[in-house]
Amino acid sequence: FSHHCPEEFFIAGIKGVVSFAILVNINLWLTWIIFVIIPIMVVICKVLNKKMRETFMNQRKMIGELNARIEDSLLGQKVVKAFGQEQKIVNRFDEINNRLEKASVKAIFFSSLTNPCTRFVNSLVYAGVGILGAYLAIRGRITVGQLSSFLSYANQYTKPFNEISGVVTELQNALAC
């Protein structure tokens with residue numbers, strides 16, 4: 001984290017509270033769409049975070065196992081040569097290295113899913129607000145200007161969720177180390 005991190009979270013929190021107040025003020029029904037869909041994002045993030053934690057821990061375990069194998073092989077190089085075990089050592093290294101590759105790909109895959117998933121949920125919010133807002137505008141319940149403002153503030157409200165999910169992804173990787 002940078003030394004500005006607490007300030008950034010504070011500013012993001014203030015923006016969220018102000019955006020929420022403005023959203024409620026513009027239209028309560030459209031605000032409910034956000035509250036129906038945002039918990040989906042929270043559930044998705046929790047599931048991905050659990051999976052990321054597992055995959056990063058597995059990756060670190062494989063790195064440790066590979067490093068131990070390398071160290072043992074280098075320290076016991078004379079013994080390995082004396083008993084003609086070079087190929088066995090190479091085969092064992094390749095097996096561990098292949099498991100590390102699979103674990104790394106899996107960890108990268110799950111950590112890469114977080115941002116697109118949160119952006120997808122944000123798009124669902126935007127689409128839901130747009131569809132209901134258009135319906136309400138056609139019915140004369142809100143103006144097109146109010147809908148436009150609401151979409152802008154809804155985007156401001158959901159933006160910190162993307163940023164926080166990115167920070168959590170980095171934290172999961174750091175904690176696994």
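Residues numbered from 1 in each chain as written. Predicted model: local features only at pLDDT ≥ 70, side-chain atom pairs only at ≥ 80, totals over all residues. Heavy atoms only, no water.

**Here we look at the packing of aromatic side chains**
We describe a pair of aromatic rings using the distance from one ring centre to the other and the angle between the two ring planes.
At step 1: Across all of its chains, the model carries 4 aromatic pairs by this definition.
At step 2: Here the aromatic rings of phenylalanine 35 and tyrosine 157 are separated by 6.5 Å at their centres, their planes lie at 70 degrees, and the arrangement is edge-to-face. On the criterion of sequence distance, the pair formed by phenylalanine 35 in helix 2 (residues 28–75) and tyrosine 157 in helix 5 (residues 144–176) is long-range, its members being 122 residues apart.
At step 3: Exposure remark for phenylalanine 35: the relative accessible area of 36% places this residue in the partly exposed category.
At step 4: What makes tyrosine 157 buried here is its relative accessible area of 14%.
At step 5: What links up through ring pairs into an aromatic cluster is the set Phe20, Phe35 and Tyr157. (Phe/Tyr/Trp six-rings, centres within 6.5 Å; stacked < 30°, edge-to-face > 60°. Helix = DSSP H or I, 4+ residues; strand = E, 2+ residues; numbered from the N terminus. Buried < 20%, exposed > 50% of the residue type's maximum accessible area, 1.4 Å probe, protein only.)

**Some remarks on the packing of helix 2 against helix 4 (residues 86–138)**
At step 1: Axis separation between helix 2 and helix 4 bottoms out at 8 Å; the angle between their running directions is 170 degrees. When the axes of helix 2 and helix 4 are compared, the pair comes out roughly antiparallel.
At step 2: Of the residues assigned to the contact of helix 2 with helix 4, the class counts are 31 nonpolar, 12 polar and 6 charged. (Axes fitted to C-alpha atoms, helices over the stretch in contact; angles between N-to-C directions. Parallel < 35°, antiparallel > 145°, perpendicular 65-115°, else oblique. Nonpolar A, V, L, I, M, F, W, Y, C, P; charged D, E, K, R; others polar.)

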